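The lines below spell out each chain.
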Amino acid sequence: MKRNLIIGLITGIVLLILGIFLTTNTLELSQDNVGWNGSSEFFSRLDRHTTEMIPDASALDRKENATLLIIAPNGTYSTEEMKFLLKFLQRGNTIILADETDTGNSLLSGLGSSIRIGASYLAGIDRAYNNSSILVTLPVTAHPLTNEVGSLVLDKAKSLTGGSPLIQTGIMSWIDSNNDFRISSDESFGRFTVLAHEQMGEGEIIVLSDSGVFINSMSGLESEYGNGQFLSNCIQYRPNLLIEQIHSRTADQSGPGWLLRYIRSDSFLKTMIVLVLLLACAFLFRKRPPGFADIGPEPVRM
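Since this is a predicted model, take the numbers as computed values, not measurements. Within every chain, residues take consecutive numbers counted from 1 along the sequence as written. In keeping with the predicted nature of the model, local features appear solely for residues at pLDDT of at least 70, side-chain atom pairs appear and are counted solely at 80 or more, and the whole-chain, interface and lining totals rest on all residues. With hydrogens and water excluded, all non-hydrogen atoms of the structure serve as input to the side-chain values.

Caption draft 1: Quick look at helix α3 (residues 79-90). Taking 1.5 Å per residue, twelve residues should reach 16 Å; α3 reaches 16 Å between its end C-alpha atoms and fits that length. By definition, residues are in contact when any of their heavy atoms lie within 4.5 Å. Helix numbers and strand numbers start at the N terminus; a helix is a DSSP run of H or I with at least 4 residues, a strand a run of E with at least 2. Residues of α3 that are buried make contact with β2 (66-71), β3 (94-98), α4 (102-110), β10 (193-200), β11 (203-208) and β12 (240-244). At the C-terminal side of α3, G92 shows a positive phi close to 90°. How far a helix is expected to stretch is found by multiplying one less than its residue total by 1.5 Å.

Caption draft 2: Representation of helix α6 (residues 227-236) in the model. For the exposure calls, accessible area comes from a 1.4 Å probe over protein chains only, and a residue counts as buried if that area is under 20% of its type's maximum, exposed if over 50%, partly exposed in between. For α6, the tally of buried residues reaches seven of ten residues, placing the bulk of the element in the interior. By the burial criterion, the buried members of α6 are N227, F230, L231, S232, N233, C234 and I235.

Caption draft 3: Inspection of a nonpolar patch on the surface at higher detail. Distance thresholds for patches are 9 Å for like charges and 5 Å for nonpolar side chains (Val, Leu, Ile, Met, Phe, Trp, Tyr), applied to residues having over 30% relative accessible area and no salt bridge. Shrake-Rupley sampling with a 1.4 Å probe provides the accessible areas, and residues are treated as covered by the protein chains on show and by no other component. Here, a salt bridge means any side-chain nitrogen of Lys or Arg that lies within 4 Å of a carboxyl oxygen of Asp or Glu. On the surface, a nonpolar cluster with roughly 420 Å² of combined accessible area is contributed by I125, I171, M172, I183 and F189. For F189, a relative accessible area of 40% gives the class partly exposed.

Caption draft 4: Region of the structure containing the pattern of salt bridges. The final tally for this structure, using the stated rule, is two salt bridges. A salt bridge links E28 to R249; the nearest nitrogen and oxygen atoms lie 3.3 Å apart. Residue E28 is located in the loop between α1 (2-21) and α2 (40-44), and its partner R249 is located in the loop between β12 and α7 (257-265); the two are separated by 221 residues in the primary sequence.

Caption draft 5: Local environment of the pairing of β10. Taking burial as the measure, the eight residues of β10 include seven buried ones, the bulk of the element. In this scheme, strands are said to pair when DSSP sees at least two bridges between them. Where strand β8 (residues 164-168) meets β10, four bridges bridge the pair, whose relative direction is antiparallel. Bridge assignment links P165 to a residue of β10, and that residue is A196. In this structure, β10 lies alongside β11, joined through six bridges in antiparallel fashion. Along β11, the bridge assignment pairs H197 with I206. Between β10 and β11, which follow one another and run antiparallel, lie two residues, and G201 among them has a positive phi close to 65°.

Caption draft 6: View of the environment of I125. In this fold, I125 is placed in the loop between β4 (116-124) and β5 (134-139). Taking C-alpha positions, I125 is 9.1 Å from W174, a pair spaced 49 residues apart along the chain. Those residues in contact with I125 that lie beyond four places of it in its chain are M172, W174 and F189.

Caption draft 7: The packing of aromatic side chains, seen in detail. Pairing of aromatic side chains requires ring centres within 6.5 Å, counting the rings of Phe and Tyr and the six-membered ring of Trp. Pairs whose planes differ by under 30 degrees are stacked, by over 60 edge-to-face, and all others tilted. In the structure shown here, the tally under the stated rule is three aromatic pairs. Seen from their ring centres, F42 and F214 are 5.0 Å apart, and the 80° between their planes marks the pair as edge-to-face. Pair noted here: F42 is in helix α2 and F214 is in the loop between β11 and α5 (216-219), with a separation of 172 residues, a long-range link. Looking at F42, the relative accessible area reads 0%, which means it is buried. Centroid distance W174 to F189: 5.7 Å. Interplanar angle 80°. Geometry classified as edge-to-face. On the criterion of sequence distance, the pair formed by W174 in strand β9 (residues 173-175) and F189 in the loop between β9 and β10 is long-range, its members being 15 residues apart. Among the aromatic side chains, those forming a connected cluster through ring pairs are F42, F43 and F214. The ring centre of Y121 lies 4.8 Å from the NZ or CZ of K158, which sits over that ring. Two conditions define a charge sitting above a ring: the NZ of Lys or the CZ of Arg must be within 6 Å of the ring centre, and it must be within 35 degrees of the ring normal.

Caption draft 8: Spotlight on the nonpolar core. Membership of the largest hydrophobic core comes to 40 residues, with the highest contact counts inside it found for F42, L69, V153, L208, F214 and F230. Considering each element in turn, this core owes the most residues, four residues, to α6. Leave out the neighbours within four places in its chain, and F230 touches L145, V149, L152, L195 and L208. In this text, buried Ala, Val, Leu, Ile, Met, Phe, Trp, Tyr and Cys residues form a nonpolar core when linked through side-chain atoms within 4.5 Å.

Caption draft 9: Structural view of the side chain of S211. Mapped onto the secondary structure, S211 falls in the loop between β11 and α5. Excluding residues that lie within four positions of it along the chain, S211 makes contacts with L29, I71, A72, A98, D99 and E100.

Caption draft 10: Quick look at unusual backbone geometry. Here the phi dihedral of A72 falls at roughly 45°; this positive angle occurs in a residue that is not glycine. Within the secondary structure, A72 sits in the loop between β2 and α3. Judged by relative accessible area, A72 falls into the buried class, the value being 2%. Backbone geometry at N179 places phi at a positive 55°, although glycine is not the residue there. You can see N179 is positioned in the loop between β9 and β10.

Structure follows, in structure tokens:
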């Protein structure tokens, strides 16, 4: 009875651990979301030796020769956080911002950048699928981020002003101010910037007006498009890659997701979990000594 209780307890612990590791969510852009609108595929490509998650702005202190990737920030950066970001730039580092909201504009303004994200989404004739908001955009300036990128497919991008253009839409594109996905009388065709960069002293700011390029359905597009290569260029842009997890929606989690991420980030915990599993397996499948009988009452001799 006691032995069965111990086996049941250990089995329950093992199942709980497996449940934690298999936990995902359906939050848009979350790195724990393996669905079409999650960013799990992008995060699975990261090299743990050269990538560091940044859960607090103070972790940027003294970082050098690094890229800070900020994907879809949700929330206002505090004065203290802005100070760390500015010092990060002043040390000659790079910030890549992928966003299409006013939160991105607030961040850019606080950093002193001239780049701004437009108010309305773009539409165009040059599309990847039967949807005028899914645009095929093209590099216009040689830059490490556009290296070997023949085209970049974006979904619901916005136009950028300021900075120097790196990638733009085709000439048959327009700012869809009324969101009807059609060219209207008060709208006009033109080229619009979707990726721009700006030197900020020794540092550099790069802005992409569509965070959706990092979701699973966009990052794994056919090889005829350069989305995969563009993401690789972002990862390899500097020797060290830092992923902002302070306000980024990629850090969103639900249920026990926080525990899963905490375990993943702690080498000691992961080692202990593996050790517990090995000990559990050894206990359950250990061999009994020859002649060892099940514990029970000794038969009564007549």
